Amino acid sequence: MSDDLFVFLVCQVDTEPLVKRWFASRLPGARFAFSRPGLLTYKLPDDSIDTLTTIGTLPLLRTFGRSLGMVAGDRAALLGELAKNPVASECRVWHLWARDRARVGEFEFEPFADGARELECQWLAEQLGPTPAPLCNVPANRGDRVLDLIAVDPDRWLIGTHVATGPASCWVGGVPPLTRREVISRAYYKLDEAIRWTQLPLRKGDVALELGAAPGGACQLLLEKGLHVSGVDPAEIDPRVAEHPHFEHLKMRGGDLKKRGLKQVDWLICDANLVPDRTLDEVEPIVTSPHVNLKGVVLTLKMAQWEYFDRLDDFVARIRSWGWRQIKVRHRAFDRQEIVVVAWT
């Protein structure tokens, strides 16, 4: 393995050109090294805190860490490399996963945890026999040093490591530990991921307003968490939500809402099928109304063309001008061609 300083970057398939363009503008000293769909490596000029902090601000990254090199061959080859690498025995947590095989939603692909990969990770740990045994494919705790084992191709692995510093870097491959279940729509998973990633302090009994609520996936999650929910949408809402005693269907568009009637709303959710400017135009009158006192917002910005990503800083600046103290931006694991912005007090 090389002693050069490399980082691995995990993103969604088809966003690699955006990552490369971002690196060229923000870290011109970094040199592109290797890529496959959903995975890139760069050689860094240094591993200073400033450099790593800058990388961590790229919203398109699911996770990243230091690359320790590539291994060609089967599990036995990977096992042999791990056996002579001291980093493996120093890591309390091991995460083994494969890069995405397709875009999210394409060929029915969704980035749920792979039980077979967990067993594979456990097999490797048992063969090496470090003491104490590492925890395999479970969320790390903040401060844990994680060993990353990424299946790049059928005969190629990347070994890396990172320190868990926040929710996403604690998850296996930066994917939240969600399980496939019967949900009304994918908005359920997207909102669940946003809440887990930001640790948004929703409380039972809080009041949530969702713009563009149909068919009701996000509302389904909020109701399960014990919130009172108003869904704004001219379209029909799934009966499993519409008939819930804590749900109210406001069959109108967001622009028709009477702001004086929103005094009790704590959280605003918007996942409307609009371009980013239109989404912000719809949300801004509510957020800035003197009759509304929100705790936070979760806004999904649809990138109908990825060129909108070049304007992301402007979109965030506009949201920040509404007076929020904390803002986080991310391309969630369960997003498609969209970016989530979460802002709260």
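Just above, that's the structure.
Peer 1: Can you help me understand helix H10 (residues 276-287) in this one?
Peer 2: Helical periodicity: at 3.6 residues per turn, an α-helix aligns residues three or four positions apart in one direction. Across its 12 residues, H10 extends 16 Å between first and last C-alpha, which sits within 8% of the 16 Å expected from 1.5 Å per residue. Along H10, the residues that are buried comprise Pro276, Thr279, Leu280, Val283, Ile286 and Val287. What you see down the axis of H10 is that its buried residues fit within an arc of 120°, all on one side. The secondary structure elements touched by the buried residues of H10 are strand S9 (207-211), strand S12 (267-270), strand S13 (296-302) and helix H11 (312-320).

Peer 1: Please clarify how the nonpolar core should be interpreted in this entry.
Peer 2: As a rule of thumb, nonpolar side chains are buried together in soluble globular proteins. Counting residues in each nonpolar core, the largest one holds 50 residues, and the members touching the most others are Leu9, Phe23, Leu209, Leu211, Leu268, Ile319 and Trp324. Ignoring sequence-local partners within four residues, the contact set of Leu9 consists of Val19, Phe23, Gly38, Leu39, Leu40, Tyr42, Ile55, Leu61, Thr63 and Phe64. Core analysis: the second largest hydrophobic core is formed by 36 residues, Ala168, Val175, Ile184 and Leu222 among them.

Peer 1: For this particular structure, what's the right way to read the sheet that holds strand S3 (residues 39-43)?
Peer 2: Strands sit in the order S2-S3-S1-S4-S8-S7-S5-S6 across an open sheet of 8 strands; the sheet is mixed. Each edge of the open sheet carries a strand with a single partner, namely strand S2 (31-36) and strand S6 (135-136). Across 2 bridges, the pairing between strand S5 (residues 93-98) and S6 is parallel. Of the residues in S6, the one forming a bridge with Val93 is Leu135. Contacts from helix H3 (residues 75-83) reach strand S4 (63-72), strand S7 (145-153) and strand S8 (156-163) within the one sheet, and its direction differs from that of S8 by about 40°.

Peer 1: Sorry, what's going on with the side chain of Thr41 here?
Peer 2: Checked against the element boundaries, Thr41 lands in strand S3. Beyond its immediate chain neighbours, meaning those up to four positions away, Thr41 contacts Val7, Phe8, Phe32, Ala33, Phe34 and Leu158.

Peer 1: What's the story with the state of the cysteines in this structure? I'm lost.
Peer 2: Joining two cysteines, a disulfide is a covalent bond between their sulfur atoms. Applying the stated criterion to the full structure yields 0 disulfides. Take Cys121: it sits in no disulfide, and the sulfur closest to it among the cysteines is that of Cys136, at 3.6 Å. Cys270 provides the cysteine sulfur closest to Cys219, a residue in no disulfide bond, and the two sulfurs are 12 Å apart. Judged by relative accessible area, which is 0%, Cys219 ranks as buried.

Peer 1: Where do I start with the pattern of salt bridges in this structure?
Peer 2: A side chain with one charge may pair with a side chain of the opposite charge, provided their charged atoms come close. Applying the stated criterion across every chain, the model contains 30 salt bridges. For Glu90, the salt bridge identified is with Arg145, shortest N-O distance 2.9 Å. With a gap of 55 residues between them, Glu90 in helix H4 (residues 86-90) and Arg145 in strand S7 connect regions that are remote in the sequence. Residue Glu90 is classed as partly exposed on the basis of its relative accessible area of 48%. Asp266 is the salt-bridge partner of Lys295, the closest N and O atoms lying 4.0 Å from each other. Linking Lys295 in the loop between H10 and S13 with Asp266 in the loop between strand S11 (247-250) and S12, this pair joins segments that are 29 residues apart in sequence. Bridged by salt links that share partners, the residues Arg36, Arg99, Asp153 and Arg156 form one connected network.

Peer 1: Hey, could you run me through the environment of Ala187 in this one?
Peer 2: Topologically, Ala187 is positioned in helix H7 (residues 187-198). On a C-alpha basis, the gap between Ala187 and Ala218 in space is 5.1 Å, while along the polypeptide they are 31 residues apart. Other than its neighbours up to four places away in sequence, Ala187 contacts Gly217, Ala218 and Asp271.

Peer 1: Mind showing me how you'd approach the sheet that holds strand S14 (residues 326-330) here?
Peer 2: Backbone-to-backbone hydrogen bonds join strands into a sheet, with any given pair of strands oriented parallel or antiparallel. A sheet is described by the order of its strands in space; here 7 strands give the open sequence S11-S10-S9-S12-S13-S15-S14, paired in mixed fashion. Here the strands that pair on one side only, and so sit at the sheet edges, are S11 and S14. Taken pair by pair, the neighbouring strands of this sheet meet at an average axis angle of 15°, ignoring direction. In this structure, strand S10 (residues 228-232) lies alongside S11, joined through 4 bridges in parallel fashion. Considered in S11, the bridge of Gly231 is made with His249. On top of the sheet, H10 reaches S9, S12 and S13; it is set at about 160° to S13, its chief contact.

Peer 1: Where do I start with the packing of H10 against H11 in this structure?
Peer 2: Orientation of H10 relative to H11, taken along the N-to-C sense of each, is 0°, at an axis distance of 11 Å. With respect to H11, the axis of H10 lies roughly parallel. From H10, Pro276, Asp277, Leu280, Asp281 and Glu284 reach across to H11, where they touch Phe315, Arg318 and Ile319. Here the contact of H10 with H11 is composed, by residue class, of 4 nonpolar, no polar and 4 charged.

Calculation notes
Residues numbered from 1 in each chain as written. Predicted model: local features only at pLDDT ≥ 70, side-chain atom pairs only at ≥ 80, totals over all residues. Heavy atoms only, no water. Helix = DSSP H or I, 4+ residues; strand = E, 2+ residues; numbered from the N terminus. Expected span 1.5 Å × (residues − 1). Buried < 20%, exposed > 50% of the residue type's maximum accessible area, 1.4 Å probe, protein only. Arc of directions from axis to C-beta. Contact = heavy atoms within 4.5 Å. Core = buried A, V, L, I, M, F, W, Y, C linked by side-chain atoms within 4.5 Å. Pairing = 2+ DSSP bridges. Axes fitted to C-alpha atoms, helices over the stretch in contact; angles between N-to-C directions. Disulfide = S-S within 2.5 Å. Salt bridge = Lys/Arg side-chain N within 4 Å of Asp/Glu carboxyl O. Parallel < 35°, antiparallel > 145°, perpendicular 65-115°, else oblique. Nonpolar A, V, L, I, M, F, W, Y, C, P; charged D, E, K, R; others polar.

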